[in-house]
Amino acid sequence: MADRYRTFAELATNERFGIDYRIRVKDLGTPFVILAPHGGWIEPHTSEIAEAIAGTDLSFYAFEALKSGPHGDLHVTSHRFDEPKAINLVGRSRTAVAIHGRRNEGTEAVWLGGRATALRDAIGACLRAAGFDAEPNTRLPGSDRANICNRTLSGEGAQLELPPSLRRRLASEAESLQAFCEAVRKALLSMAAT
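Presented here is a report on the structure given in the accompanying data block. (Residues numbered from 1 in each chain as written. Predicted model: local features only at pLDDT ≥ 70, side-chain atom pairs only at ≥ 80, totals over all residues. Heavy atoms only, no water.)

1. A short note on the environment of Leu-127
Selection criterion: In this description a helix means any DSSP run of H or I spanning at least four residues, a strand means any run of E spanning at least two, and both kinds are numbered starting from the N terminus. Relative accessibility decides the category of a residue: with a 1.4 Å probe and only protein chains considered, values under 20% of the type maximum give buried, values over 50% give exposed, and everything between is partly exposed. Every residue pair with non-hydrogen atoms within 4.5 Å of one another is taken to be in contact.
With respect to the element layout, Leu-127 can be found in helix H4 (residues 117-129). Residue class for Leu-127 comes out buried when judged on its relative accessible area of 0%. The spacing of Leu-127 and Glu-173 is 46 residues in sequence and 16 Å in space, taken between C-alpha atoms. Setting aside chain neighbours within four positions, we find Leu-127 in contact with Val-110, Leu-112, Phe-132, Ala-134, Leu-160, Phe-180, Ala-183 and Val-184.

Structure follows, in structure tokens:
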């Protein structure tokens, strides 16, 4: 389904802040930011997963639909996602990791994309070591320079696409969520050391 809105400004003109959508920001001034640009009802559980990865010590951003509806109602595609608070926070961060949802397509694999190929590969290796399937994202690669995850100081970020079955499992199983978050954070720490 096509997006109803091409930009955040269009969305904000037609939807009600605090009723139809909300924006959550935790700006800790860290070199990494974890974000969920399609949270709430758009891609369920992505905000919770992103917030869990961020924990108490990494910056976090979420745009969340508060009303249910078709996927495209409040979805602004990643290379057009221009909400000012997100642009500001991501633009001051060295690297971003964006958590997205994708359709079930016969596998629980996390699809890995983004321009930060070393980080993307490190996240994949850490996820696989923790028992999660992860593979390069050839369908939604997240390589556009305008993609919100790539609008960082380095011009790079990583994009993780999770199917609904995995998102539901992470939302309902605390041990699985902890293992997933630790794997992503381990990859981030390995990149911080380089």
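2. Observations regarding empty space enclosed by the protein
The condition that has to hold: A 1.4 Å probe that fits into a set of points on a 1 Å grid over the protein atoms alone but cannot get out defines a cavity; an open set with protein on both sides within 12 Å along at least five of seven lines defines a pocket, and lining residues are those with an atom within 4 Å of a point. Grid points are joined across faces, edges and corners, and a volume is the space filled by probe spheres set on the points. When residues are grouped by polarity, Ala, Val, Leu, Ile, Met, Phe, Trp, Tyr, Cys and Pro land in nonpolar, Asp, Glu, Lys and Arg in charged, and all others, Gly among them, in polar.
Counted under the stated rule, the structure contains one cavity of 30 Å³ or more. Considered as a void within the structure, the largest cavity measures approximately 70 Å³ in volume. Forming the walls of the largest cavity are Trp-41, Ile-42, Ala-65, Lys-67, Ser-68, Gly-69, Pro-70, His-71, Asp-73 and Leu-74. Class assignment for the residues of the lining of the largest cavity results in five nonpolar, three polar and two charged.

3. Details of the side chain of His-75
Our working rule: Polar contacts here mean pairs of N or O atoms no more than 3.5 Å apart (in protein, one a potential hydrogen donor and the other a potential acceptor; neighbouring residues in sequence count only if both atoms are side-chain atoms).
Take His-75: it is sitting in the loop between strand S3 (59-65) and helix H3 (84-91). At a separation of 2.7 Å, a polar atom in the side chain of His-75 contacts the side chain of Asp-3. When near neighbours in sequence (up to four residues on either side) are disregarded, His-75 contacts Asp-3, Tyr-5, His-38, Ile-42 and Glu-43.

4. Re the sheet that holds S3
Keep this limit in mind: When DSSP locates at least two bridges between a pair of strands, those strands are taken to pair. Helix axes are fitted to C-alpha atoms over the stretch in contact, other axes to C-alpha atoms as well, and angles between N-to-C directions run from 0 to 180 degrees.
Within the open sheet, the seven strands sit side by side as S1-S3-S2-S4-S7-S5-S6. Their pairing is mixed. At either end of the open sheet lies a strand with only one pairing partner, and these are strand S1 (21-26) and strand S6 (134-136). Strand after strand, the sheet turns through a mean of 20 degrees between neighbouring axes, direction not considered. Where strand S5 (residues 110-113) and strand S7 (residues 157-162) come together, three bridges link them in antiparallel fashion. Looking across to S7, one finds that Leu-112 is bridged to Leu-160. Against the sheet, H4 contacts strand S4 (95-101), S5, S6 and S7, and its axis sits at roughly 160 degrees relative to S5.

5. Structural notes on H4
Condition: Expected span of a helix: the number of residues minus one, times 1.5 Å.
For H4, with 13 residues, the first-to-last C-alpha span of 18 Å sits near the 18 Å given by 1.5 Å per residue. Three or more residues of H4 are buried, namely Leu-119, Arg-120, Ala-122, Ile-123, Gly-124, Cys-126 and Leu-127. Buried positions along H4 lie against S4, S5, S6, S7 and helix H6 (174-192). Following H4 by one or two positions, Gly-131 has its phi on the positive side, about 95 degrees.

6. Description of the nonpolar core
Which entries qualify depends on this criterion: The criterion is simple. A nonpolar core is a set of buried Ala, Val, Leu, Ile, Met, Phe, Trp, Tyr and Cys residues joined through side-chain atoms within 4.5 Å.
Ranked by size, the top nonpolar core spans 34 residues in total, and within it Ile-123, Leu-127, Leu-160 and Phe-180 carry the most contacts. Looking at this core element by element, the count peaks at seven residues for H6. With sequence-adjacent residues up to four places away left out, Leu-160 is seen in contact with Val-97, Ala-98, Ile-99, His-100, Val-110, Trp-111, Leu-112, Ile-123, Leu-127, Phe-180 and Val-184. Leu-35, Ala-65, Phe-81 and Ala-98 belong to the second largest nonpolar core, which has 21 residues in total.

7. Re the layout of surface pockets
Vacant regions in the atomic arrangement are exposed by a probe of water-molecule size rolled over the atoms. The volume enclosed by the largest pocket comes to roughly 630 Å³. The wall of the largest pocket is formed by 27 residues, among which Glu-43, His-71, His-75, Leu-140 and Glu-161 lie closest to the centre. Mapped onto the lining of the largest pocket, the elements with two or more residues apiece are S4, S7 and helix H5 (164-172). Here the lining of the largest pocket is built from residues that sort into six nonpolar, 12 polar and nine charged.

8. Thoughts on the pattern of salt bridges
For the record, the criterion: Here, a salt bridge means any side-chain nitrogen of Lys or Arg that lies within 4 Å of a carboxyl oxygen of Asp or Glu.
Under the counting rule described, the total for this entry stands at 12 salt bridges. For the salt bridge of Arg-16 with Asp-20, the shortest nitrogen-to-oxygen distance reads 2.9 Å. Judged by its relative accessible area of 47%, Arg-16 falls in the partly exposed class. Salt-bridge contacts for Arg-120 lead to Asp-121; the nearest nitrogen and oxygen are separated by 3.2 Å.

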